[in-house]
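Summary of the model geometry
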Amino acid sequence: MSWWQALILGVIQGLTEFLPVSSSGHLTIGQTLLNVQFEEGDMLLFDVLVHAATVCATLLVLWKEVCWILKGTFTTPVWNDEKQYACKIIVSMVPVFVVGMFFKDQVEAIFGSGLVVVGACLLVTACLLAFAQYAKPRQKESIGWWDSLIIGLGQAVAVLPGLSRSGTTIATGILLGNKKEQVAQFSFLMVMVPILGQAFLDLLDVLQGEVVSNLSPVCLLIGFVSAFAVGAAACKWMIGIVKRQKLIYFAIYCLLMGGFALIYGLC
């Protein structure tokens, strides 16, 4: 992989991690169109770095919210709003933890299925976003415990390439009647620990020599920096988009991109 391919893939990851269009699906499409040939170890390490970059971007944009949660959780023994919020995030992570622990091999096998699966899942993402755009459920004041679990189930299903994690979790939260800005913030916060945990485990494999990578440090650095910079902008932008209820445009985009990927994959 050349430096300019690393740059483009980093930009794709940073942009699509937060926009409801599926980062994994777009990375697959990008690698195919750019004709990037990854060795197994190269792909794993690059994926770890660009995902870690988007987590760092989330921390930058939502730093005040993260500090609010940590301060309220660890500085007082009182059962307060901050502790409840932190526990709801933990509840939301249970489904993806189960998938990661017991179905990792099956999920990794699906990632090698090509653009047909990506295209089909992008079409599902388009449907979810369209439903969320026009649904009018009764509004709730805050995200409840059951809502946290159901949103977490959406995140677990969204490990499929082409099924947008942010799109699925945000759409699920909106369909449950939660306020759009609250759902967007919760969606971005709930993914940080699973991504960092998976990145740490994958990095251990690399350091222990179980996975060998031949990527140059320059490519890795360019991929990380581009994913971080674009991801920070996309995270802030996406919160505003959800608040203004503009998901239908992304539904149309996913419909077109899903159709393209499906046709390209079949041909």
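Below you will find a few notes about this structure. Note that the coordinates shown come from a computational prediction; the quantities given were computed from them, not determined experimentally.

What follows covers the overall build of the protein chain. Summing up its helical and strand segments, the protein chain has 13 helices and zero strands in all. Put simply, the protein chain runs from its N terminus to its C terminus through helices and strands in the order α-α-α-α-α-α-α-α-α-α-α-α-α. Burial status across the protein chain gives 48% buried among its 267 residues. Taking the intrachain contacts of the protein chain between residues at least 6 apart in sequence as the baseline, contacts between residues at least 24 apart amount to 82%. As displayed, the protein chain has an accessible area near 13,200 Å², and 70% of this comes from carbon and sulfur atoms.

Next up on the list: the packing of helix H7 (residues 115-134) against helix H13 (residues 247-266). Axis separation between H7 and H13 bottoms out at 7 Å; the angle between their running directions is 165°. Of the possible angle classes, the one that applies to H7 and H13 is roughly antiparallel. Crossing geometry of H7 relative to H13 is assigned as left-handed. Of the residues in the contact of H7 with H13, the class split is 21 nonpolar, six polar and no charged.

Moving on to helix H12 (residues 217-243). Note that an α-helix has 3.6 residues per turn; residues three or four places apart therefore point the same way. In this model, H12 (27 residues) spans 39 Å end to end at C-alpha, consistent with the 39 Å of a helix rising 1.5 Å per residue. Backbone geometry just after H12 places glutamine 245 at a positive phi near 55°.

Further remarks concern the nonpolar core. Within the largest apolar cluster, 46 residues are counted, with the highest numbers of intra-cluster contacts made by Leu189 and Met238. When near neighbours in sequence (up to four residues on either side) are disregarded, leucine 189 contacts Leu62, Glu65, Val66, Ile69, Tyr85 and Ile89. Formed by 13 residues, the second largest nonpolar core is a distinct cluster that contains Ile12, Leu27, Leu45 and Val50.

Rules and cut-offs
- Residues numbered from 1 in each chain as written.
- Predicted model: local features only at pLDDT ≥ 70, side-chain atom pairs only at ≥ 80, totals over all residues.
- Heavy atoms only, no water.
- Helix = DSSP H or I, 4+ residues; strand = E, 2+ residues; numbered from the N terminus.
- Buried < 20%, exposed > 50% of the residue type's maximum accessible area, 1.4 Å probe, protein only.
- Contact = heavy atoms within 4.5 Å.
- Areas by Shrake-Rupley, 256 points an atom, 1.4 Å probe, with all protein chains shown as cover.
- Axes fitted to C-alpha atoms, helices over the stretch in contact; angles between N-to-C directions.
- Parallel < 35°, antiparallel > 145°, perpendicular 65-115°, else oblique.
- Left-handed = near helix turned anticlockwise from the far one by under 90°.
- Nonpolar A, V, L, I, M, F, W, Y, C, P; charged D, E, K, R; others polar.
- Expected span 1.5 Å × (residues − 1).
- Core = buried A, V, L, I, M, F, W, Y, C linked by side-chain atoms within 4.5 Å.

This is a description of form; function is not addressed.
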